[in-house]
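The residues making up each chain are set out below.
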Amino acid sequence: MLLQVIHSHTPEQCPGNDEHKMDIFNKAVHEAKQNGVTIRSYLVNAPAHKVFFVLETSEFENVHLMFKDSMAFGSYEFIPVIDPDAERRFVQKEILEGMGTKQDE
């Protein structure tokens, strides 16, 4: 499962202004793998107070565990997404199977 995650906070909530909050946020990022989450992309728009992730996990609960401590300062939007390359491979496989041929894996 792939998720685009958008974290937003106000200037007053900004982890960049609070060492304790920054530690919590950094811990979430550094311990993602331990929580069963792979970070595919991690981008920051500091002036807009937004952080963007693309995460991969087998269970949504893993993402909740990753961010649970940082949910107190800001909000999160979780958007299921797909990898366009994976979608193309899936469609191609369906077409080939429909034609009675098998694709080598």
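Our subject in this report is the structure included herewith. Owing to the predicted nature of the structure, the values given are computational and were not obtained by experimental measurement. (Residues numbered from 1 in each chain as written. Predicted model: local features only at pLDDT ≥ 70, side-chain atom pairs only at ≥ 80, totals over all residues. Heavy atoms only, no water.)

**A look at helix α1 (residues 19-30)**
Helical geometry: 3.6 residues make up each α-helical turn, so side chains three or four residues apart lie on a common side.
In step 1: Compared with an ideal rise of 1.5 Å per residue, which puts 12 residues at 16 Å, α1 spans 16 Å between its outermost C-alpha atoms and is within 8% of the ideal.
In step 2: Every buried residue of α1 is listed here: Lys21, Ile24, Phe25, Ala28 and Val29. Seen end-on, α1 carries its buried residues on one side only, within an arc spanning 140°. Away from its buried face, by an angle of more than 90 degrees, α1 presents the exposed residues Glu19, His20 and His30.
In step 3: Contact partners of the buried residues in α1: β1 (2-8), β2 (37-45), β3 (50-57), α2 (60-67) and β4 (75-81).
In step 4: Put simply, Asp18 is the residue that caps the front of α1, since its side-chain oxygen is 2.9 Å from the backbone nitrogen of His20. (Helix = DSSP H or I, 4+ residues; strand = E, 2+ residues; numbered from the N terminus. Expected span 1.5 Å × (residues − 1). Buried < 20%, exposed > 50% of the residue type's maximum accessible area, 1.4 Å probe, protein only. Arc of directions from axis to C-beta. Contact = heavy atoms within 4.5 Å. Polar contact = N/O pair within 3.5 Å; in protein donor to acceptor, adjacent residues only side chain to side chain.)

**Topic: the packing of aromatic side chains**
In step 1: Counted by the stated rule, this structure contains six aromatic pairs.
In step 2: Ring plane angle 35° and centroid distance 4.6 Å describe the contact between Phe67 and Tyr76, whose orientation is recorded as tilted. Note on accessibility: Phe67 and Tyr76 belong to one class, buried.
In step 3: Aromatic side chains Tyr76 and Phe78 sit 5.9 Å apart centroid to centroid with 15° between the ring planes, which places their arrangement in the stacked category. (Phe/Tyr/Trp six-rings, centres within 6.5 Å; stacked < 30°, edge-to-face > 60°.)

**Considerations on the pattern of salt bridges**
In step 1: A complete count under the given rule lists three salt bridges for this structure.
In step 2: For Arg40, the salt bridge is made with Asp83, and the minimal N-O distance between the two is 3.4 Å. Here Arg40, found in strand β2, pairs with Asp83, found in the loop between β4 and α3 (84-98); they are 43 residues apart in sequence, far enough to count as distant.
In step 3: Put simply, Asp69 and Lys68 hold a salt bridge, and the shortest N to O gap is 3.5 Å.
In step 4: The exposure class of Asp69 is partly exposed, given its relative accessible area of 42%. (Salt bridge = Lys/Arg side-chain N within 4 Å of Asp/Glu carboxyl O.)

**Here's the deal with the sheet that holds β1**
Working definition: the strands of a sheet are paired by backbone hydrogen bonds and lie parallel or antiparallel to each other.
In step 1: Strands sit in the order β2-β3-β1-β4 across an open sheet of four strands; the sheet is antiparallel. The sheet terminates laterally at β2 and β4, the two strands that pair on one side only. Averaged over all pairs of adjacent strands, the angle between their axes in this sheet comes to 20°, without regard to strand direction.
In step 2: Across eight bridges, β2 lies against β3 in antiparallel orientation. (Pairing = 2+ DSSP bridges. Axes fitted to C-alpha atoms, helices over the stretch in contact; angles between N-to-C directions.)

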